[in-house]
Amino acid sequence: MMQAMISGATRTLGQVTAIALLFGVFTQPCRAQTLTGSVSSAEEGPMEGVLISAQKQGSPITVTVVSDDKGHFRFPDGRLSAGHYALRIRAVGYDLAGPQAVDLEGNNAEVAVALRKTSDLAAQLTNTEWFMSMPGTAEQKRPLIECMSCHTVQRIVRSIYNAETFVPMLERMAQYANNSIQARVQPRIAEREVNDDSLRKLAAYLATVNLSHGPKWDYALKTLPRPKGRATHVVVTEYDMPRSTIAPHDVRTDRDGNIWYSNFVENFLGELDPKTGAHREYAIPVRKPNSPTGSLDLEADADGNLWLAMMFQASLARFDMATKTFQMYPVGADLDDDAMQQSMVMPRSATFDGKVWTNDVARQSIMRLDLKSGQYQRIDPFTMLPKGRLHAPYGMAADANNNLYFMDFGDENIGRVDARTSAVTIYPTPTAKSRPRRCMLDAQGHLWFTEFAANKLAMFDIKAERFKEWDVPTPYTYPYDVFSDGNGELWSGGMASDRVLRFDPQRGAATEYLLPRPTNIRRVFVDTSTKPVTFWAGNNHGASIVKLEPLD
Amino acid sequence: MNSRRCYRIFLCMLVVIGAAAVGHNAAQAGGILFGDDDDNGESRGPYFFGFIRDSDGSSVPDAKVTATVKAGGALVTRSNGMGVYKIPGFGKDINPDDIDISCSKEGYKPDGVLRRPRDPSDTTDPVEIECTLKKE
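Quick caveat: nothing in here was measured; it's all calculated off a predicted structure.

Turning to the overall build of chain A, a few remarks are in order. Summing up its helical and strand segments, chain A has 9 helices and 37 strands in all. Computed over its C-alpha atoms, the radius of gyration of chain A comes to 23 Å, within 12% of the 24 Å expected for a compact globule of 552 residues. The C-alpha extent of chain A, read off along each of the three principal axes, is 65 × 55 × 45 Å. In chain A, which comprises 552 residues, the proportion classed as buried is 52%. Sequence-distant contacts, at least 24 apart, represent 57% of the contacts inside chain A between residues at least 6 apart.

In structure tokens form, the structure reads like this:
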């Protein structure tokens with residue numbers, strides 16, 4: 001088994017493709033520049049909560065600020081250097097009338113940004129706003145939350161399929177891998193069964209909310225309010241990736257402040273220097289060429305080395321941060337097949353017992369890798385529960401003794417697997433059918449997680465074995481992940497609302513920062529070494545990395 | 001209708017009211033299943049329920065309730081504000097008699113478990129187990 005692992009610096013170095021894109025030239029400020037201005041429209045006069053984005057010609061970096069209650073905005077000193085900048089705005093209901101660009105030269109620049117009413121409001125709606133707008137019951141809308149994995153709801157509501165022609169289209173969609181985006185669709189090898197009745201029911205519903213009946217929607221388009229107050233005190237920086245097929249899924253910083261991300265659809269690990277914008281990729285060996293490529297979970301072990309869960313490639317990958325080489329841990333032939341799907345990896349406490357936790361979504365099971373032998377052990381955590389119920393071990397955390405805590409994303413449970421005995425304890429969440437998704441375990445033994453389908457943030461105290469839940473303020477947010485920053489605040493994001501949620505669970509106070517572009521957020525990461533903290537996430541469908549810096 | 005039957009109906013109603021207070025969403029195992037309602041009624045054994053009481057007979061809310069399966073594994077839940085717990089049910093292949101219920105709460109110590117008789121031939125007859133705690 002060990003021989004089967006691709007290991008050793010010499011061999012792996014040969015397989016590493018390092019693509020250094022010298023974006024740094026675009027981001028080094030020649031001298032401190034400041035762009036300030038005001039934003040207004042004929043309808044509202046000075047406008048609060050308008051996002052103003054500036055992207056230097058040829059640069060992959062876009063910086064965004066938000067107008068205050070007087071309609072003023074200011075890019076922080078040193079963020080922009082001399083050059084020609086394209087301007088962009090986000091304010092639902094409005095388009096940018098002008099100026100479309102600004103030149104920054106020796107002096108600070110001031111611009112008056114004018115907005116005009118948009119002629120295509122529908123094009124500006126987030127997934128959340130479509131969910132708010134569409135008629136139908138919560139049960140009818142619920143299946144659409146799966147669609148957001150690969151594309152926006154826009155694509156559905158603008159389609160012209162009717163109840164009959166939707167059926168074969170949905171059947172086709174079901175056979176795509178989870179790690180598909182519009183820029184790179186990946187079919188599954190193992191066919192998935194689809195319930196025909198449910199599919200027809202969904203098709204019939206979708207045909208009532210799309211454009212199969214005419215050129216306009218016969219329901220009012222509802223929008224969320226623009227940011228105001230604290231939600232305007234923020235700077236957002238977006239780093240465009242060099243290819244549209246890069247789908248950043250999990251993002252995290254290393255000890256030097258560099259950004260690392262998993263690419264959901266291609267076998268690369270990515271690295272970004274946020275100071276210079278330099279971008280590198282490290283090729284991960286493709287083990288199963290006919291299966292979908294790409295990785296999901298990106299975690300660090302106790303030594304700071306990175307681990308990737310390779311999804312349909314049926315392997316874990318360990319990236320040595322010193323040698324920049326991979327060691328692969330493929331699933332053995334006895335457990336592997338075309339459906340095998342490893343989405344998660346948890347190496348955090350592997351030094352305790354030499355074991356790394358992972359999962360197999362297809363078989364609804366936990367897997368555990370023995371680092372010494374390279375062998376995997378399969379654990380079915382749901383043997384005590386009724387058969388036929390859908391479960392999916394998903395987000396994972398490990399305590400200091402490498403006991404595993406996992407999310408049952410298919411259903412409504414948190415699970416614990418004892419590292420020593422493999423005994424399983426199931427903890428149903430207070431809210432039924434909550435579908436817990438990703439999680440983090442803090443030093444106090446608080447397991448923070450999202451209840452994706454229940455629109456809640458939650459905490460499970462692993463010592464007291466007690467849950468707490470908090471509603472996310474905006475309906476249909478469907479939070480994917482949450483991060484506790486150690487300062488008493490939670491940070492969350494998801495695939496629906498294009499907003500980053502900052503939440504104080506003690507006071508119940510929430511701030512929602514709007515992002516400049518449609519942003520499909522998965523794993524969220526907070527760099528707590530800065531004051532205030534810095535939020536990082538990938539834009540899974542937008543081929544960019546997003547940095548959000550609150551100003552207070 | 002005898003008093004015991006009345007009591008059981010009342011307790012079941014409490015459980016149903018509690019269950020109705022929470023939402024119900026369709027589940028999917030990490031993929032597109034178009035909102036299948038995974039009705040697993042046929043593979044589900046009877047549900048477990050009961051009061052958690054102290055030695056004075058008062059109900060004990062927010063007590064930890066552990067259902068331990070003889071073959072391995074456990075499920076942990078808590079009593080609600082009325083001191084009632086409910087576990088929707090284990091797999092039908094698990095004999096209800098092979099599941100032990102225990103309860104605990106800070107400031108209390110265990111003071112016995114009462115398993116009410118049920119018709120073993122009726123696989124849908126819920127299992128009622130009352131758990132008593134004593135103040136320390």
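Let us look at the confidence of the model for chain B. All names here are of chain B. When pLDDT is averaged across chain B, the result is 79; 70% of the residues are at 70 or more. Predicted confidence is poor over residues 14–32, with pLDDT under 50, and the contacts of this stretch with residues over four places away or in other chains come to 54 contacts. Reported confidence for the predicted complex is 0.88 by ipTM and 0.91 by pTM.

Next up on the list: the sheet that holds strand S3 (residues 51–56) of chain A. Residues and elements named next belong to chain A. Taken in spatial order, the 8 strands make up an open sheet running S8-S6-S3-S4-S10-S37-S36-S35, and their pairing is antiparallel. What marks the edges here is a single partner per strand, and that holds for strand S8 (101–104) and strand S35 (524–527). In this sheet, neighbouring strand axes are inclined to one another by 25° on average, regardless of whether the strands run parallel or antiparallel. As paired strands, S35 and strand S36 (residues 534–539) are joined by 4 bridges and run antiparallel to one another. Following the sheet pairing, Phe525 is matched in S36 by Trp536.

As a further point, take the pairing of strand S16 (residues 306–309) of chain A. Residues and elements named next belong to chain A. Covered by surrounding structure in S16 are Leu306 and Leu308 together with Trp307 and Ala309, the residues of both alternating faces. Here strand S15 (residues 298–300) pairs with S16 via 3 bridges, running antiparallel. Along S16, the bridge assignment pairs Ala300 with Leu306. Sheet analysis places S16 next to strand S17 (residues 315–320), joined by 4 bridges and oriented antiparallel. Looking across to S17, one finds that Leu308 is bridged to Ala317.

A few words on the sheet that holds S16 of chain A. Residues and elements named next belong to chain A. One open sheet accounts for 4 strands, arranged S15-S16-S17-S18; its pairing is antiparallel. One side of each edge strand has no neighbouring strand; the edge strands of this open sheet are S15 and strand S18 (325–330). If you compare each strand with its neighbour and ignore which way they point, the axes differ by 25° on average.

In this structure, Val50, Leu308, Leu316, Ala317, Met346, Leu404 and Leu447 of chain A are the most contacted members of the largest nonpolar core, which totals 169 residues. Excluding residues that lie within four positions of it along the chain, Leu316 of chain A makes contacts with Trp307, Ala309, Met310, Tyr329, Gln342, Val345, Val356, Thr358 and Leu369 of chain A.

All right, on to helix H8 (residues 196–209) of chain A then. All names here are of chain A. Here H8 is 14 residues long and its end C-alpha atoms lie 20 Å apart, about the 20 Å a rise of 1.5 Å per residue gives. Burial in H8 covers these residues: Leu199, Leu202, Ala203, Tyr205, Leu206 and Val209. Contacts made by the buried residues of H8 are with helix H4 (138–141), helix H6 (154–157) and helix H7 (166–174).

A word on unusual backbone geometry. Residue and element names in this part refer to chain A. The linkage connecting Gly98 with the following residue, Pro99, adopts the cis geometry, with an omega of -5°. Checked against the element boundaries, Pro99 lands in the loop between strand S7 (94–98) and S8. Cis geometry marks the peptide bond from Lys531 to Pro532; its omega dihedral reads -10°. Counting through the fold element by element, Pro532 comes out in the loop between S35 and S36. Even without being glycine, Lys324 reaches a positive phi, approximately 55°. Within the secondary structure, Lys324 is located in the loop between S17 and S18. Under the C-beta neighbour-count criterion, Lys324 is labelled partly exposed, with 16 such atoms within 10 Å. The backbone phi angle of Asn402 is positive, close to 65°, even though this residue is not glycine. On the basis of neighbour counts, which here come to 23 C-beta atoms within 10 Å, the residue Asn402 falls in the buried class.

Criteria and thresholds
- Residues numbered from 1 in each chain as written.
- Chains lettered and ligands numbered in written order.
- Predicted model: local features only at pLDDT ≥ 70, side-chain atom pairs only at ≥ 80, totals over all residues.
- Helix = DSSP H or I, 4+ residues; strand = E, 2+ residues; numbered from the N terminus.
- Rg over C-alpha atoms; globule rule 2.2 N^0.38 Å.
- Buried ≥ 20, exposed ≤ 12 C-beta atoms within 10 Å, placed from the backbone.
- Contact = placed C-beta atoms within 7 Å.
- pLDDT = per-residue confidence, 0-100.
- Pairing = 2+ DSSP bridges.
- Axes fitted to C-alpha atoms, helices over the stretch in contact; angles between N-to-C directions.
- Core = buried A, V, L, I, M, F, W, Y, C linked by C-beta atoms within 7 Å.
- Expected span 1.5 Å × (residues − 1).

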